[in-house]
Every structure is written in structure tokens, then in C-alpha cells.
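Report on the structure
This is what each chain is made of:
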Amino acid sequence: MQSNIFHLAINVTDLNQARAFYGELLGAEEGRSTETWVDFNFFGHQLSLHLGEALHTKNTGKVDNIAVPMPHFGLVLPLVLWRTLADRLTAAKIDFVLPPTHRFEGQPGEQYTFFFFDPFGNPIEFKSFADMKEVFNA
């Protein structure tokens, strides 16, 4: 087990719909739950979904001159896993804010990204880097 696990708690309006989206579509393993929340192993991190009003976002972020929702959350994945997830979401006809995109090819920070919303309006970004050592480099 990894030593540092990130925990994020966000609101959703329907736990069964959240189970279908996060569990079935995204492949997160369900953990503990009650009538008002459910935990998921979200690619090795703890995601807690609670009944309530979803995040309020505005498209104030810029990615390749495309306005993206802020705030948002997501993960940096190994490229093979990123591609598998991008293919799965494309096949499921997810309405991407930013479709799977390869950025900065051949440059420092070369990366892959896509943005989409969960069914409750929570924005999610998945990224990968050609060289994972570049994640925190300036």
C-alpha cells in the first residue's frame, strides 16, 4: 500500500448514480458507505461522495486556450492507464470539456489531458506525462 493517500470529499445528489459512474464507468472500487455517503478507492486514493449540492464552478482556467472549469480535481496516471481510461470514456460517449489531448509534444512537460464532468457537475481532469519526472518541474 502506498504511504501517502490523498483524500477528497465532494458532494453528489444520487449515491446510486454515483456508484454507476465512479464504480462501473471509472472502475473505482467501492469501500465503506452509509445512507448519506460512499467511499471509493479512486486509483489508490480515497474519494468520499456525500449527498449534497455539487461544486459551483466557472470556466476560468485555461488549457491550450480552452476555458476549463475551476475548481476541478483529478489524477495524474501512467500513460497506459490514461489511454485505457480515455478510450473507455470515449466509447461511453462522455461529453468532454476538453477531449483527450496530447500537449507540448517534444517539449519539457509533454503531457496528455482530458476534462469532463461527472453526472452531478463536478469537473474532473485526468493527466499523464511522457516523463513522470516532469510532473513537478517548472
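Heads up: these notes are all about the structure in this document. (Residues numbered from 1 in each chain as written. Predicted model: local features only at pLDDT ≥ 70, side-chain atom pairs only at ≥ 80, totals over all residues. Heavy atoms only, no water.)

Examining the pattern of salt bridges
Where charged atoms of side chains with opposite charge meet at close range, the side chains can pair. If you walk through the whole model with that rule in mind, you get 2 salt bridges. Across the salt bridge formed by E30 and R19, the nearest N and O atoms sit 3.0 Å from each other. Here R19 lies in helix 1 (residues 15-25) and E30 lies in strand 2 (residues 29-33), a separation of 11 residues in the sequence. In this structure, D39 engages R32 in a salt bridge whose closest nitrogen and oxygen atoms are separated by 3.3 Å. (Salt bridge = Lys/Arg side-chain N within 4 Å of Asp/Glu carboxyl O. Helix = DSSP H or I, 4+ residues; strand = E, 2+ residues; numbered from the N terminus.)

Let's talk about the nonpolar core
Core analysis: the biggest nonpolar cluster contains 30 residues, and Y22, F42, L49, L89, F114, F116 and F126 have the highest contact counts within it. Of all the secondary structure elements, the ones that give two or more residues to this core are strand 1 (7-12), helix 1, strand 3 (37-42), strand 4 (45-51), strand 7 (73-76), helix 2 (79-91), strand 9 (111-117) and strand 10 (123-129). When residues of this core are assigned to their parent elements, the largest contribution, 5 residues, is made by helix 1. Setting aside residues up to four positions removed in sequence, L89 forms contacts with L25, L26, I94, F96, F114 and F116. (Core = buried A, V, L, I, M, F, W, Y, C linked by side-chain atoms within 4.5 Å. Buried < 20%, exposed > 50% of the residue type's maximum accessible area, 1.4 Å probe, protein only. Contact = heavy atoms within 4.5 Å.)

Side note on helix 2
In this model helix 2 runs 18 Å from its N-terminal to its C-terminal C-alpha over 13 residues, within 8% of the 18 Å that 1.5 Å per residue would give. Regarding helix 2, the residues found buried are W82, L85, A86 and L89. One face of helix 2 carries all of its buried residues, which in axial projection span an arc of 105 degrees. When the buried face of helix 2 is taken as reference, the exposed residues oriented beyond 90 degrees from it are V80, D87 and A91. Check the buried side of helix 2 and you find it contacts helix 1, strand 8 (98-103), strand 9 and strand 10. K93, located one to two residues past helix 2, shows a positive phi value of around 60 degrees. (Expected span 1.5 Å × (residues − 1). Arc of directions from axis to C-beta.)

Treat this as a map of the structure, not an account of what it does.
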